[in-house]
Amino acid sequence: MKKVFAMLLTGVMMFTMAGCSKPAAAPAPAAEAAAETKTEAPAEEAKTEEAKPAEAKKLVVGYSQLGAESEWRTACTNSVKGEAEKRGVDLKFSDAQQKQENQIKAIRSFIAQKVDVIGVSPVVESGWETVFKEVKDAGIPLVLVDRKADVPEDLYACFLGSDFKAEGERAAEEMATLLGGKGNIVELQGTVGSSAAVERLEGFKAVIESKYPDIKIIKSQTGDFTRAKGKEVMEAFLKSDGKNIQGLYAHNDDMAIGAIQAIEEYGLKPGTDIKIVSVDAVKGAFEAMIAGKLNVTVECNPLLGPQFFDVCEKIVAGEAVEKYIPSEEGIYRQETAAADLPSRQY
Ligand code: GYE
């Protein structure tokens, strides 16, 4: 079964990206057709061009993924690709390998290919204005997926993703509970200049500084959201501060898992001698919690594919979408990790 979209060309061209709270353009009469026109194509029937409705066309979406740096990212990519396939969307996918210049190139190529919607997960927050203006001038709606970009709101249709500041705040409360309100913490930050790192730091710091005066963040450095860097930086923290560290806050599970190795090699017990709180809630984190090496993971949902294509379809149909679409998240602790793991999807 294939999903075929009747494209509202006039509506798309008129899309101004002037905000998502209002419909971008008056829905054209064929709006219903854009919603879900499903056609069965039995094998025995001759498939002729004439048999297809003249105006029917696949939705074409360009998506610039920022990289493949973590388990979270892999789950996000799989979710987008899987959902595109399920819906019969023509997805142009590009992996930027954590480099902004690669993302800019990909976006320009999506413009040249005249895709219907562009999705971008911006590796960092700054430096997007020029290329986003090019997207707007080409009349293509733009959706920010997962991470934010520091640009005027009229340059994108909506942002779909997590509240990173709230994740940082939750992580701080968990850490304070684990430490009984007292101790020295080291922090492994995500990619410098990424909204995920900036806001997870802000939220965590704000709670610790305002509510827990006896907890000190003694070191804070980037591990670029990868296991290898997380391990390397944790080794340096241990070398300089050794047994003076009671807690580790890692902006993602992968860095925490890398750091766990460093702590073990140093001769301390991760999860016991050093309490660890991280973010994402990927399977690797549950395994580490079951082994007693990680204490808490704050969930950040990477399964953004369905919500992303819902938004793309709505925009193309001229329907209203919210400027911010939050993803739903929880908190997972060591005590329930074994019971929780079987139901985890990533
Ligand atoms: O937490 C981390 C990934 O942007 C929310 O990026 C995402 C973060 C995620 O590398 O694992």
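It should be noted that the structure appears before, not after, this text.
Since this is a predicted model, take the numbers as computed values, not measurements.

> What am I meant to see in the overall build of the protein chain here?
Helix and strand content of the protein chain: twelve helices and 15 strands. Element-wise, carbon and sulfur atoms account for 51% of the exposed surface of the protein chain, whose accessible area totals about 15200 Å².

> Whenever I open this one, the site of the ligand confuses me. Can you help?
Within the structure, the ligand sits among 13 residues, and Glu69, Arg147, Arg200, Asn252 and Asp280 are positioned closest to it. Contact distances for the ligand include 2.7 Å between an oxygen atom and a side-chain N or O atom of arginine 147. Arginine 200 is positioned with one of its side-chain polar atoms (N or O) 2.8 Å from an oxygen atom of the ligand. Across the complex, the protein chains shield 100% of the 300 Å² of accessible surface that the ligand would expose by itself. Mapped onto the shell around the ligand, the elements with two or more residues apiece are α3 (71-87) and α7 (195-211). Its residues placed into classes, the shell around the ligand shows five nonpolar, two polar and six charged. Of the residues that make up the shell around the ligand, three or more belong to each of domain 1 (60-162 + 303-328) and domain 2 (164-300).

> How do you make sense of the pairing of strand β7 (residues 142-145) when you look at a structure like this?
In summary, the side chains of a regular strand alternate between the two faces of the sheet. Residues Leu142 and Leu144 point to one face of β7 and Val143 and Val145 to the other, with burial holding for every one of them. Pairing analysis gives three bridges linking strand β6 (residues 117-120) to β7, with the strands arranged parallel. Within β7, the position partnered with isoleucine 118 by the bridge is leucine 142. Bridging between β7 and strand β8 (residues 158-161) involves three bridges; their strand directions are parallel.

Reading guide: rules and limits
- Residues numbered from 1 in each chain as written.
- Predicted model: local features only at pLDDT ≥ 70, side-chain atom pairs only at ≥ 80, totals over all residues.
- Heavy atoms only, no water.
- Helix = DSSP H or I, 4+ residues; strand = E, 2+ residues; numbered from the N terminus.
- Areas by Shrake-Rupley, 256 points an atom, 1.4 Å probe, with all protein chains shown as cover.
- Near = heavy atom within 4 Å.
- Polar contact = N/O pair within 3.5 Å; in protein donor to acceptor, adjacent residues only side chain to side chain.
- Nonpolar A, V, L, I, M, F, W, Y, C, P; charged D, E, K, R; others polar.
- Domains from an automatic or database assignment.
- Buried < 20%, exposed > 50% of the residue type's maximum accessible area, 1.4 Å probe, protein only.
- Pairing = 2+ DSSP bridges.

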